[in-house]
Amino acid sequence: MRDIDAIYYNDFGIAFHWKKETKNYRSKIQVVFRDTGFLLTHKELIRFAEHVQNTMNSNAVCSCCAKKKSCRAMLLETPVPQVSLAVSVNELTAIKDLIEGTIFQLNIDNFLSDICNN
């Protein structure tokens, strides 16, 4: 944890900035959940949130399935067009919280930074 600045986390994953001094890393957000990590720009993070919401709205889970909350029957698009993730409803809910919480925290940090710099 010494190499990162945590932005937001929940029981499912974490979003953070690398403390590396290079601008390429500092301007991107590392989002890690399950066994997957994405290094995203702020715009890509917002696009990811849109993909999550679209997947939630798709009602892709069988309503009669007893395991619908834990079955990985939903296909979540990511900001990387070549990568999609099979997720359960529970995982999708946790990813939604992680992504939206990260965006919220980044917006608060930017707002406070703007106020402090004026």
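Shown above is the structure to which this text applies.
Rules and cut-offs
The numbers attached to residues start from 1 for each chain and follow its sequence in the written order. Where totals are concerned, whole chains, interfaces and linings use all residues; where local detail is concerned, this predicted model gives features only for residues with pLDDT of at least 70, and gives and counts side-chain atom pairs only at 80 or more. Excluded from the side-chain calculation are hydrogens and water; included are all heavy atoms of the structure. Take the buried Ala, Val, Leu, Ile, Met, Phe, Trp, Tyr and Cys residues and link them wherever side-chain atoms come within 4.5 Å; each set so joined is a nonpolar core. Summary of the burial criterion: residues with accessible area below 20% of their type's maximum are buried, those above 50% are exposed, and those between are partly exposed, where the area comes from a 1.4 Å probe applied to protein chains only. The secondary structure listing takes helices from DSSP runs of H or I that are at least 4 residues long and strands from runs of E that are at least 2 residues long, numbered from the N terminus. A contact between two residues is defined here by any heavy atoms of the two lying within 4.5 Å. For this document, the term salt bridge refers to a Lys or Arg side-chain nitrogen within 4 Å of an Asp or Glu carboxyl oxygen.

Things to note about the nonpolar core
Here is step 1: One finds Val 31, Phe 33, Leu 45, Phe 48, Leu 76 and Ile 99 to be the most contacted residues of the largest nonpolar core, which totals 21 residues.
Here is step 2: Elements with a minimum of two residues in this core: strand 3 (29–33), strand 4 (36–40), helix 2 (42–57), strand 5 (74–77), strand 6 (84–87) and helix 3 (89–117).
Here is step 3: Among the elements that make up this core, the one with the highest residue count is helix 3 (six residues).
Here is step 4: Leave out the neighbours within four places in its chain, and Phe 33 touches Phe 12, Gly 13, Phe 38, Phe 48, Leu 85, Ile 95 and Leu 98.

A few points about the pattern of salt bridges
Here is step 1: Considering all chains together, one arrives at four salt bridges under this definition.
Here is step 2: In this structure, Glu 91 and Arg 34 form a salt bridge, with 3.0 Å as the shortest nitrogen-oxygen distance. In this pair, Glu 91 sits in helix 3 while Arg 34 sits in the loop between strand 3 and strand 4, placing the two residues 57 residues apart along the sequence.
Here is step 3: A residue is classified by how much of its surface remains accessible, and Glu 91, at 10% relative accessible area, is buried.
Here is step 4: For Arg 34, a relative accessible area of 30% gives the class partly exposed.
Here is step 5: For Lys 96, the salt bridge is made with Glu 100, and the minimal N-O distance between the two is 2.8 Å. Residue Lys 96 and its partner Glu 100 are located together in helix 3, separated by four residues, close to a single helical turn.
Here is step 6: A relative accessible area of 21% places Lys 96 in the partly exposed class.
Here is step 7: Glu 100 gets classed as partly exposed once you look at its relative accessible area, which sits at 39%.
Here is step 8: Among the charged side chains, a salt-bridge network with shared partners connects Arg 34, Arg 72 and Glu 91.

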